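# Working through the structure, step by step
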Amino acid sequence: HYAEARRAWLATVVPAHADTTFVFDGTFDQSDLQGGYGWRIDDVPGVVVEYASDARQDRGAALSLEFADRAVSSTGVRQMLALPPGRYRLQSAALDQVASERPFEWRIACREGAPIARLPLERTGAWATQSMDFEVPPDCAGQSLVLANAARSLAEKRMRGRLLVDDVRIILAP
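Now for a quick tour of the structure. Predicted, not measured: the structure shown is a model, and the values here were computed from it.

### Describing the sheet that holds strand β2 (residues 47-52)
Strands sit in the order β2-β3-β10-β5-β8 across an open sheet of 5 strands; the sheet is antiparallel. At either margin of the open sheet sits one strand with a lone partner, and together these are β2 and β8 (128-136). In this sheet, adjacent strand axes meet at a mean angle of 25° when their direction is disregarded. Alignment of strand β5 (residues 86-99) against strand β10 (residues 158-172), held across 11 bridges, turns out to be antiparallel. In the strand pairing of β10, R89 is matched with I171.

Here it is, written out as structure tokens:
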């Protein structure tokens, strides 16, 4: 169901793209293709999300999130997935320059809500790539990939600064 819907969507937006990756546009080079099984960027007060090309020359575009020193409920960045059951590796590069108590993280959950992966993005002061392996259980037909902050309280949700993410990918685990 979800896999067929994703294949049909991919065929309409990028016929030559086929189904070569489990995350659509994880390099953030196609800002004109949002919605469907692409990136969904919701309007969240206190966060400006845009496709930015000022990251680094060798990176091309990246997704930029600018936080305006106020408490935010979410980043507004998500993508629907259609992973069949199996073992996968989630990977992402990030440059975190946000003053916040808790780290940002990619979260994957089944559409019914059961969480299956959390990849914290380390704050190193430079671009850093993290990865983790996870498993999609048989009863998890569709999933969501969400960029979130691990803040637990209103005070921890107050953020200021810029987060850049790039090279978000999901591959079969070795």
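### Comments concerning the packing of aromatic side chains
Considering all chains together, one arrives at 6 aromatic pairs under this definition. Their ring planes at 40° and their centres at 5.6 Å tell us that W39 and W106 sit as a pair that is tilted. Pair noted here: W39 is in strand β1 (residues 39-41) and W106 is in strand β6 (residues 104-110), with a separation of 67 residues, a long-range link. A relative accessible area of 0% means that W106 is categorised as buried. Ring geometry for Y88 against F134: centres 5.8 Å apart, planes inclined by 25°, an arrangement best described as stacked. With a gap of 46 residues between them, Y88 in strand β5 and F134 in strand β8 connect regions that are remote in the sequence. Here the aromatic residues F28, W39, Y51 and W106 are joined through ring pairs into a cluster of three or more.

### Section: the state of the cysteines
Tallying each qualifying case throughout the model produces 1 disulfide. C110 shares a disulfide with C140; S-S distance 2.1 Å. Between C110 and C140, the S-S dihedral sits near -120°, and the bridge is therefore left-handed. In this pair, C110 is assigned in strand β6 and C140 in the loop between β8 and β9 (143-149), connecting sequence segments 30 residues apart.

### A closer look at unusual backbone geometry
Notably, D69 is not glycine yet its phi reads approximately 55°, a positive angle. Summarising the element assignment, D69 is placed in strand β3 (residues 62-71). Its relative accessible area of 35% is what places D69 among the partly exposed residues.

### Structural notes on the pattern of salt bridges
Applying the stated rule across the entire model yields 10 salt bridges. Notably, a salt bridge pairs R89 with D133, separated by 2.7 Å at the nearest N-O pair. Here R89, found in strand β5, pairs with D133, found in strand β8; they are 44 residues apart in sequence, far enough to count as distant. Taking the relative accessible area as the measure of exposure, D133 reaches 31% and is therefore partly exposed. One salt bridge connects R152 with E156, and the closest N-O pair in it is separated by 3.2 Å. Since its relative accessible area comes to 62%, R152 is described here as exposed. Taken together, the salt bridges that share partners define one network made up of R87, R89, D133 and E135.

The rules behind the values
Residue numbers here run from 1 along each chain, matching the order of that chain's written sequence. Since the coordinates come from a predicted model, pLDDT governs what is reported: local features require at least 70, and pairs of side-chain atoms require 80 or more to be given and counted, while whole-chain, interface and lining totals use all residues. With hydrogens and water set aside, each side-chain value is computed from the structure's full complement of heavy atoms. DSSP calls a pair of strands paired once it identifies at least 2 bridges connecting them. By the criteria applied, helices consist of DSSP H or I runs no shorter than four residues and strands consist of E runs no shorter than two, each listed in order from the N terminus. For helices, the fitted axis covers only the stretch in contact; all axes are lines through C-alpha atoms, and the angles between them, taken along N-to-C directions, range from 0 to 180 degrees. Put simply, two rings from Phe, Tyr or Trp (the six-membered ring, in Trp's case) pair if the centres are within 6.5 Å, and we call them stacked under 30 degrees between planes, edge-to-face over 60, tilted for the rest. Here the term buried applies to any residue with accessible area under 20% of the maximum for its type, exposed to any over 50%, and partly exposed to those in between, with areas from a 1.4 Å probe on protein chains only. Pairs of cysteine sulfur atoms within 2.5 Å are what we label disulfides. By convention in these notes, a salt bridge is any Lys or Arg side-chain nitrogen within 4 Å of a carboxyl oxygen on Asp or Glu.

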